[in-house]
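One-letter residues, chain by chain:
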Amino acid sequence: MTDRILIIDFGSQVTQLIARRVRESGVYCEIHPFNSLDASTLERYRPKAIILSGGPSSVMASEAPLAPQAVFEMGVPVLGICYGEQAMCAQLGGTVESSDHREFGRADLEITDDCVLFDGLWSIGSKQQVWMSHGDRVTGLPDGFRTVAVSKGAPFAAIANDERRCYGVQFHPEVVHTLDGAKLLRNFTHHVANCRGDWTMAAFRDQAIAKIKDQVGDGRVICGLSGGVDSSVAAVLLHEAIGDQLTCIFVDHGLLRLNEAEQVVDLFRDHYHIKLVHRDAVDLFLGKLAGETDPETKRKIIGGLFIDVFDEEAHKIGGADFLAQGTLYPDVIESVSFDGGPSVTIKSHHNVGGLPERMNMSLVEPLRELFKDEVRALGRELGLPDDMVGRHPFPGPGLAIRIPGQDITPERLEILRKADHIYLDEIRRAGLYDDIWQAFAVLLPVRTVGVMGDLRSYDYACALRAVTSTDGMTADSFPFEHDFLARTATRIINEVPGINRVTYDVTSKPPGTIEWE
């Protein structure tokens, strides 16, 4: 059985980063809200170690979130991070108080004693850059603990109880601003918890195929194939597991990028020989979108139509026992709120919401344990081409939300497709594609005066957008060289009839969003 780490979530905005760092070191882990666990659940999960996340609460509040007491009675190593350190200390007999000296952002950590967490990284007397985000602080240690590092605002910035294998850090090792933070977490998982670090995509592939076979048996599965990374990887994985028991349905809504529909059909039907239903619904979608300019209305039309068309095609092939979705682990985490609040609703154009109940099907979600970068790694393991698995995110409503404030017409879609294709082609030629989180063109709802040859033109303006990001929650515009932008603008204006002006969007997120609608 693969070693497993349990991360108990107290509501930190960076809890997912803990999981990513642990998995990057080859150890499988899962995040569970603090209030979803009891002694029997912990026993069934059988973790090799437990990590307590940070969080926005105060341990001194009357109903402060705490870890199940069984966590400290299982005999497995425990690492408390920020609020997690404070909760551990409070539960084991230490003290926590509010402080007049809060620490937010970069801080200097002074190493005062040896600790297995610091092995090969930090020596006694050295100062290290870490990332702090706390108001409260530990003021008294439980029995058996010792201080191994301090900072200006935290006299117990890192603590250790080697006998119990319990450790705490007031800083956040999971964020990149803590230098060597990922290595510190690796010391905990590998040297304290003795995890083997053998969780690989090859291992996951074998386990996932076995799990799919066990769940599906002799049943039939249909999968909504969009051509994006998630659904593509899910489809190929399912096909490896169950072969012709799988049928993919590709609904072409006419809002994809240049030649994308043909590429999807060629790859899955002709290369992978997966049973594929290709429904050309372009006229249906564009007819329903005619005259609509409001972005939310457009989204609802596209999402609703997608479900109707998918349902129709599924009935034509005689239905199925299972519906496959490309749900990822962040979707799973967000659907369970740590504080008992409402679950997040996944957009209907990303997941075929409502269809499992409507068609009496069970869900198969083979990627629900993976983060996005892990899905890409699995895709490579499955042999999918790099230009597919490395593709930038693409919204479910497609180009409909990249023609803001305008009627969606075949003419405008064709103009945008050509401009977008040239832009991405220039990015690839410059070797910048993998350095960018997402890049695309937007057809603006304005026309501008221009001079082309000796003639006056009055055509569309086009905006180019490219951002860097790690998770899409925040983003910065990509710092292209001016020569690149000038060259790209020249190509678009010369090669795309209907555009005579090109601009570049330098807005960050926040305050803007990545997409324009």
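Reading guide: rules and limits
- Residues numbered from 1 in each chain as written.
- Predicted model: local features only at pLDDT ≥ 70, side-chain atom pairs only at ≥ 80, totals over all residues.
- Heavy atoms only, no water.
- Core = buried A, V, L, I, M, F, W, Y, C linked by side-chain atoms within 4.5 Å.
- Buried < 20%, exposed > 50% of the residue type's maximum accessible area, 1.4 Å probe, protein only.
- Helix = DSSP H or I, 4+ residues; strand = E, 2+ residues; numbered from the N terminus.
- Contact = heavy atoms within 4.5 Å.
- Polar contact = N/O pair within 3.5 Å; in protein donor to acceptor, adjacent residues only side chain to side chain.
- pLDDT = per-residue confidence, 0-100.
- Pairing = 2+ DSSP bridges.
- Axes fitted to C-alpha atoms, helices over the stretch in contact; angles between N-to-C directions.
- Arc of directions from axis to C-beta.
- Salt bridge = Lys/Arg side-chain N within 4 Å of Asp/Glu carboxyl O.
- Parallel < 35°, antiparallel > 145°, perpendicular 65-115°, else oblique.
- Nonpolar A, V, L, I, M, F, W, Y, C, P; charged D, E, K, R; others polar.
- Left-handed = near helix turned anticlockwise from the far one by under 90°.
- Expected span 1.5 Å × (residues − 1).

## Quick look at the nonpolar core
Item 1. Of all hydrophobic cores here, the largest spans 72 residues; its most connected members are I8, L52, M88, F268, L367 and L378.
Item 2. A per-element tally of this core places helix α6 (residues 229–242) first, with nine residues.
Item 3. What I8 contacts, discounting residues up to four positions off in sequence, is H32, F34, L37, I50, I51, L52, S53, P68 and V71.
Item 4. In this structure, F310, L399, I427 and L443 belong to the second largest nonpolar core, which totals 49 residues.

## Let's talk about the side chain of E260
Item 1. Locating E260 in the fold gives a position in helix α7 (residues 260–271).
Item 2. Overall, E260 belongs to the buried group, its relative accessible area being 4%.
Item 3. A distance of 2.9 Å separates a polar side-chain atom of E260 from the backbone nitrogen of R257.
Item 4. Excluding its chain neighbours within four sequence positions, the residues that come into contact with E260 are R391 and F394.

## Description of the confidence of the model for the protein
Item 1. In the predicted model, the protein carries a mean pLDDT of 88, and the fraction of residues at 70 or more is 93%.
Item 2. In the model, residues 337–352 has pLDDT below 50 throughout and makes 31 contacts with residues more than four positions away in sequence or in other chains.

## Details of the sheet that holds strand β13 (residues 322–324)
Item 1. The strand order across the open sheet formed by five strands is β12-β11-β10-β13-β14, and the pairing between neighbours is parallel. Of all strands in the sheet, those with a lone pairing partner are β12 (275–280) and β14 (362–364), marking the two edges. Averaged over all adjacent pairs, the angle separating strand axes in this sheet is 25°, with direction ignored.
Item 2. Across three bridges, strand β10 (residues 221–224) lies against β13 in parallel orientation. Bridge assignment links I222 to a residue of β13, and that residue is L323.
Item 3. Where helix α9 (residues 295–316) meets the sheet, its contacts fall on β10, β11 (246–252), β12 and β13, and the angle it forms with β11 comes to roughly 140°.

## What to know about helix α8 (residues 282–289)
Item 1. Regarding α8, the residues found buried are F285, L286 and L289. The buried residues of α8 occupy one face: seen down the axis, they fall within an arc of 95°. Residues of α8 that are exposed and point over 90 degrees away from its buried face: D283 and K288.
Item 2. The inward-facing, buried residues of α8 contact β11, α9 and α14 (410–429).

## A look at the pattern of salt bridges
Item 1. As enumerated under the stated definition, the model contains 31 salt bridges in all.
Item 2. One salt bridge in this structure joins R196 and D198, with 3.0 Å as the shortest N-O distance.
Item 3. D198 gets classed as partly exposed once you look at its relative accessible area, which sits at 36%.
Item 4. Here R429 makes a salt bridge to D425, at a shortest N to O gap of 3.0 Å. Here the residue R429 and the residue D425 both occupy positions in helix α14, the gap between them amounting to four residues, near one helical turn.

## Some words on the packing of helix α5 (residues 201–216) against helix α12 (residues 372–381)
Item 1. Two elements in contact, α5 and α12, have axes whose closest approach is 9 Å; the angle formed by their N-to-C orientations is 80°. On the basis of the axis angle, α5 is roughly perpendicular to α12. For the pair formed by α5 and α12, the contact residues are M201, A202, F204 and R205 on the first element and E374, A377, L378 and E381 on the second.
Item 2. When its residues are assigned to classes, the contact of α5 with α12 shows five nonpolar, no polar and three charged.

## Structural notes on the packing of α8 against α9
Item 1. The contact between α8 and α9 brings their axes to 10 Å, and the two run at 150°. Our pair here, α8 against α9, has a crossing hand that is right-handed. Contacts from L284, F285, K288 and L289 of α8 reach α9 at K298, I301, I302, L305, F306 and V309.
Item 2. A class-by-class count of the residues in the contact of α8 with α9 yields eight nonpolar, no polar and two charged.

## Concerning helix α4 (residues 181–192)
Item 1. Taking 1.5 Å per residue, twelve residues should reach 16 Å; α4 reaches 16 Å between its end C-alpha atoms and fits that length.
Item 2. Those residues of α4 not exposed but buried are G181, L184, L185, N187, F188, T189, H190 and V192.
Item 3. Of the surrounding elements, those touching the buried residues of α4 are β1 (4–9), α1 (15–24), β3 (49–52), β4 (78–81) and β9 (166–169).
Item 4. In the segment just after α4, N194 is the residue with positive phi, at about 60°.

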